[in-house]
Amino acid sequence: MVEISMTVNGKPVTAQVEPRTLLVTFLREHLGLTGTHVGCDTSQCGACNVHVNGMLAKSCTMLAVEADGAEIVTIEGMAAPDGTLGVIQQAFQDHHGLQCGFCTPGMVMSAAALLRENPDPSEEEIRAFLEGNLCRCTGYHNIVKAVRAAAEAMG
Amino acid sequence: MPKDHGIGAPIRRREDLRFLTGSGRYTDDINLPGQAHVHFLRSDVAHGRIKRLGTGAAAAMDGVIRIFTARDFENVGGLPCGWQITSRDGNPMAEPKHPILAEGKVRHVGEIIAAVIAETPEQARDAAEAIEVEIEELPAVIDMAAALGEGAPKVHDDLPSNLCFDWGLVEENREKVDEAIRNAPHVVTLELVNQRLAPNAMEPRVAIGDYDKATDEHTLYTTSQNPHVIRLLMGAFVLGIPEHKLRVVAPDVGGGFGSKIFHYAEEAFCTYAAKVVGRPVKWTSSRSEAFMSDAQGRDHVTKIELALDEEGHFLALRSETLANMGAYLSTFAPAVPTWLHGTLMAGTYRTPLIYVNVKAVFTNTVPVDAYRGAGRPEATFQLERVIDKAARELGMDPVEIRRRNFINPDQFPYETPVALVYDTGNYHATLEKLEELADLEGFEARRQESAARGKLRGLGINCYIEACGIAPSNLVGQLGARAGLYDSATVRVNPTGSITVHTGVHSHGQSHETTFPQVIAEMIGIPEDQIEIVHGDTANSPMGMGTYGSRSIAVGGSAMVRATEKIIAKAKKIAAHLLEASEGDIELKDGKFTVKGTDREVAWADVTLAAYVPHNYPLEELEPGLEETSFYDPANFTFPSGAYACEVEVDPETGKVEVCSFVAVDDFGNVINPMVVDGQVHGGLAQGIGQALLEQCVYDENGQLVTASYMDYAMPRADDLPSFTVDHSCQTPCTHNPLGVKGCGEAGAIGSPPTIVNAVIDALQRGGIEVDHIDMPLTPVRVWSAIRAAS
Ligand code: FES
Ligand code: FES
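Just so you know, these numbers come straight off a predicted model, no measurement behind them.

Novice: Even after reading the chapter, I still don't get the confidence of the model for chain B, so can you show me in this structure?
Specialist: Detailed reading of the predicted coordinates is not advisable wherever pLDDT falls low. The predicted model of chain B has a mean per-residue pLDDT of 97, with 100% of residues at 70 or higher. Both scores are available for the predicted complex, with the pTM at 0.97 and the ipTM at 0.98.

Encoded structure:
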């Protein structure tokens, strides 16, 4: 067992974990933050995307111990404390960018990372950036629309 | 102005709030106190005899609670098949036992050999890896034609061959069709493969079994599209648990596309083992396991022949298919290549004579069953491909040849030669709308512009039909279904007027929680937020058949309408009493009961309160309370149809296909929420385009699944697809359900594959490259090879 400390959605946490524990397992099973999902075992679907020190990261591909000392943001940290949806989340609802919702947390985290680095992406740039996120429900059409709309709203 | 509430309003989804904040409750998010974890040891050979299983060392490892093998399941039934097909010779299909854990033999890669229950998932996996397995490998049967050959190794030793059934539709037409084809001026033939796909809902399957010793009650939490069906199959046929002691819960489910209809071994295992070990038992599938344990889709090899006269009128059609069942019969597998496929061979056309033959084959591969569209994509693909080829051979325009053969609007109800009666449709209207939206006239200019860049541009057309909401039950019973195909709803009006609807259908992306209240809001005139939809738990919903085959609104929605009508009828009686008027004079509008021709009125909530606080109430005639249940068994299928067009660019140097535009015009009848319907079409299109260009399950000759992860199985990604143009303004309402709805979940996946392939072939042909057909997926290497072979 190893002791790790990090900030998750603004709250400090300290825990003992087995060294082989993945960050996603730590978030889901130890912290009960089940909004971060696991959709594959080959680092290819992006359902597990979170932000680590402001960077997009696949939490299934990272050990919890590697996140020691880091600032983590998960989907649970994306709405305002009073529950008001963030701009990207609201755009996903407005444009029907989700159906079953399973890929959605990862999509929102990716979209946030994209808009941080490119506040005015074209449709093509959005599609290229989301290449690491699989969605089986929406055909991506409305996800792309939602990200565009979020970019405009944040404008 | 679009409506902002009720039927037809594009209102935003209430489901989204929880999914967008990470507060959904999927099965894997559930952890029960004291829960143990199971890891399944799966076969890594496709066909073999289990010689020895050494579990001693594994059982002694840290955290291991118990190891199960087939011996522990001797008193447990196999997984049942829900549909029996009768062969042409009158014999029932071959129906081998589908054991929970492999008995003596393994028959596909991924079949469960043993199960380890331990304190943690890691300990269970470590111990499973320590089990000593000795398997004598046998030659695997992979190719269907070879499986039916003389002396082929048998998947099931106790069956006479690898043939499951040999089915014909309609057998009496066989000779007439043969003769018509023999005598026709033109016969166009196409041999094609509809490749095997992996459904790949993004949420992998999960099962948690729980047993309460005090009450002798079992609970199964599972990723299911139809919890009641699982309860019935597992309770009655596998484990022998009566329904009142078995509860099945399917909470938020992350997509299904058919793959979560079926009753799987892992669910039965967790339910059974929880009682044996006295702890809740949880299993979460990895994606790798999903590739070898979720039922796969399609996998047909077909020869189709279309006979035409000199003017391009269809005279007769013959279709012969080999359909892969995999190693065992999954729950609804036999229905897919037969009643969901053969019956669709008339398409939107007046072909007078049709004969369909399907031979279903066992192979050493993962079982195959319904996947989005289920049989209808396979029918549409061959039909719309052979029509395109016929147009080319006869020198006709692909749009014109279709139009010439359409069933005309004045011919409904239309009885096809393959056992269906289409109630309504207008195929000319959707095609005209398509011509307008896809700007077919402007194609030539766009083609020249592509050519200037060295690209071959092609246009593909398709006019599909599909059949949804399979019914009625007494008919499907005659066709071999071992289940009814009604659905149900309980509408519970609460004292202050809000409503809770318990529905037998299940939402796993379809948006029922938003769309179903729109229907009731329209009927009663109260706001949607006064209405809650509850689904996914056998403990509180009436027996329902679940969600698949685009049936939710057509069947489950109709049941809800019927129950609401009963509610309104009773509420009017109460209102009449309160208003001291006669029942016949009471009208309900905008949430108020009024007496016709007067200004006397009573609000909805006053009536509902009177029903539960019956102080001023006709107790002699009327029971208190306001709650009604309906079971709705449709009189017929519904028949959505549409016209699709796409344009592609093919790079002749690399064979790469780019989809430039895709237009889908669908007739879904009445539409409850157009935003949701658009989304359903988008998703279907993406899966169909995935099939056309990217996806395929590949087995090598030894039965190894080569495409067992996202590294090798090409899923459509955002940058593989265009934005879509979707239209559903052509509406011929269904004539036999109360909402006039048809269902929209599968259309995109049915209509898009032939559209894409037609477009690619068109591009090559216009580029002077004589290619008639390329089998899906149209990967660069396949297209490039076809171009090379032709030049
Ligand atoms: S679960 Fe992390 S990429 Fe799929
Ligand atoms: S919404 Fe279901 S996978 Fe994206």
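Novice: Where do I start with the domain arrangement of chain A in this structure?
Specialist: How big an interface is tends to be expressed through the accessible area that disappears when the partners come together. Residue and element names in this part refer to chain A. Domain boundaries in chain A define domain 1 (2–77) and domain 2 (87–154). The C-alpha-based centres of domain 1 and domain 2 are spaced at 21 Å. Between domain 1 and domain 2, the contact holds 17 residues from the first and 15 residues from the second. Between domain 1 and domain 2, roughly 1,200 Å² of surface is buried when both sides are summed, and carbon and sulfur atoms account for 60% of that area. Per-residue buried area on domain 1 facing domain 2 is highest for His 37, His 51 and Ile 75; these three make up 41% of the total on that side. Run the count over domain 1 and domain 2 and you get 0 salt bridges. Counting across the domain 1 and domain 2 interface gives 8 residue pairs in polar contact (both at pLDDT 80 or more).

Novice: I tried to follow the domain arrangement of chain B on my own but got confused; where do I start?
Specialist: Residues and elements named next belong to chain B. Along its sequence, chain B is organised into domain 1 (16–22 + 486–632), domain 2 (31–138 + 202–255 + 260–293) and domain 3 (297–471 + 636–790). Placing the centre of domain 1 and that of domain 2 at their C-alpha centroids yields a distance of 39 Å. Across the boundary between the two partners, domain 1 contributes 16 residues, which contact 18 residues of domain 2. Here domain 1 meets domain 2 over a buried area of about 1,400 Å², counting both sides, of which 56% is carbon and sulfur. Of all residues in domain 1, His 506, His 508 and Thr 538 bury the most surface against domain 2, accounting for 40% of the area lost on that side. Where domain 1 packs against domain 2, one counts 2 salt bridges.

Novice: Even after reading the chapter, I still don't get the interface of chain A and chain B, so can you show me in this structure?
Specialist: Opposite the 47 residues of chain A that make contact, chain B presents 55 residues. Counting the surface lost from both chain A and chain B, the interface buries some 4,200 Å², and carbon and sulfur atoms represent 54% of this. With a shortest N-O distance of 3.1 Å, Asp 28 of chain B and Arg 28 of chain A are connected by a salt bridge. In this assembly, chain A and chain B are joined by 32 residue pairs in polar contact (both at pLDDT 80 or more). When contributions to the side of chain A that touches chain B are tallied by element, the ones reaching two or more residues are helix 1 (23–30), helix 2 (87–94), helix 3 (104–117), helix 4 (123–129) and helix 5 (141–154) of chain A. With 5 residues, the single largest contributor to the side of chain A that touches chain B is helix 2 of chain A.

Novice: In this structure, what is going on with the sheet that holds strand 15 (residues 353–362) of chain B? I would like to understand it.
Specialist: Two pairing modes exist for strands in a sheet, parallel and antiparallel, and in both the strands are linked by backbone hydrogen bonds. Residues and elements named next belong to chain B. Pairing is mixed in the open sheet, where 5 strands are placed in the order 7-15-14-13-8. Of all strands in the sheet, those bounded by a partner on one side alone are strand 7 (163–169) and strand 8 (186–197). The average angle at which neighbouring strand axes cross in this sheet is 10°, direction not considered. Here strand 13 (residues 297–308) pairs with strand 14 (residues 314–326) via 9 bridges, running antiparallel. Across the sheet, Ile 304 pairs through a bridge with Ser 319, a residue of strand 14. Against the sheet, helix 9 (residues 376–394) engages strand 8, strand 13 and strand 14, with an angle of about 145° to strand 8.

Novice: I keep staring at the pattern of salt bridges and nothing clicks. Help me out?
Specialist: Opposite charge on two side chains allows them to pair when their charged atoms are near. Residues and elements named next belong to chain B. In the structure shown here, the tally under the stated rule is 59 salt bridges over all chains. Residue Glu 134 is joined to Arg 52 by a salt bridge in which the shortest nitrogen-to-oxygen separation is 3.8 Å. Pair noted here: Glu 134 is in strand 6 (residues 132–137) and Arg 52 is in strand 2 (residues 48–54), with a separation of 82 residues, a long-range link. You can call Glu 134 partly exposed: its relative accessible area is 43%. The salt bridge involving Asp 762 is made with Arg 392; its shortest N-O contact spans 3.4 Å. Remark: Arg 392 occurs in helix 9 and Asp 762 occurs in helix 18 (residues 747–766); sequence separation between them is 370 residues. On the accessibility criterion, Asp 762 (6% relative accessible area) is buried.

Novice: Just checking my understanding: could you explain the sheet that holds strand 9 (residues 206–212) of chain B for this structure?
Specialist: Residue and element names in this part refer to chain B. Sheet architecture is open: 7 strands sit in the order 3-5-1-12-9-10-11, paired in mixed fashion. One side of each edge strand has no neighbouring strand; the edge strands of this open sheet are strand 3 (64–68) and strand 11 (246–249). Here the average twist between neighbouring strands, direction ignored, is 20°. Pairing between strand 9 and strand 10 (residues 217–222): 6 bridges, direction antiparallel. When the bridges of strand 10 are listed, Tyr 211 appears paired with His 218. Taken strand by strand, helix 6 (residues 227–239) contacts strand 10 and strand 11, and its axis lies near 145° from that of strand 11.

What counts, and where the lines are drawn
- Residues numbered from 1 in each chain as written.
- Chains lettered and ligands numbered in written order.
- Predicted model: local features only at pLDDT ≥ 70, side-chain atom pairs only at ≥ 80, totals over all residues.
- Heavy atoms only, no water.
- pLDDT = per-residue confidence, 0-100.
- Domains from an automatic or database assignment.
- Contact = heavy atoms within 4.5 Å.
- Buried area = accessible area lost by both parts, 1.4 Å probe.
- Salt bridge = Lys/Arg side-chain N within 4 Å of Asp/Glu carboxyl O.
- Polar contact = N/O pair within 3.5 Å; in protein donor to acceptor, adjacent residues only side chain to side chain.
- Helix = DSSP H or I, 4+ residues; strand = E, 2+ residues; numbered from the N terminus.
- Pairing = 2+ DSSP bridges.
- Axes fitted to C-alpha atoms, helices over the stretch in contact; angles between N-to-C directions.
- Buried < 20%, exposed > 50% of the residue type's maximum accessible area, 1.4 Å probe, protein only.

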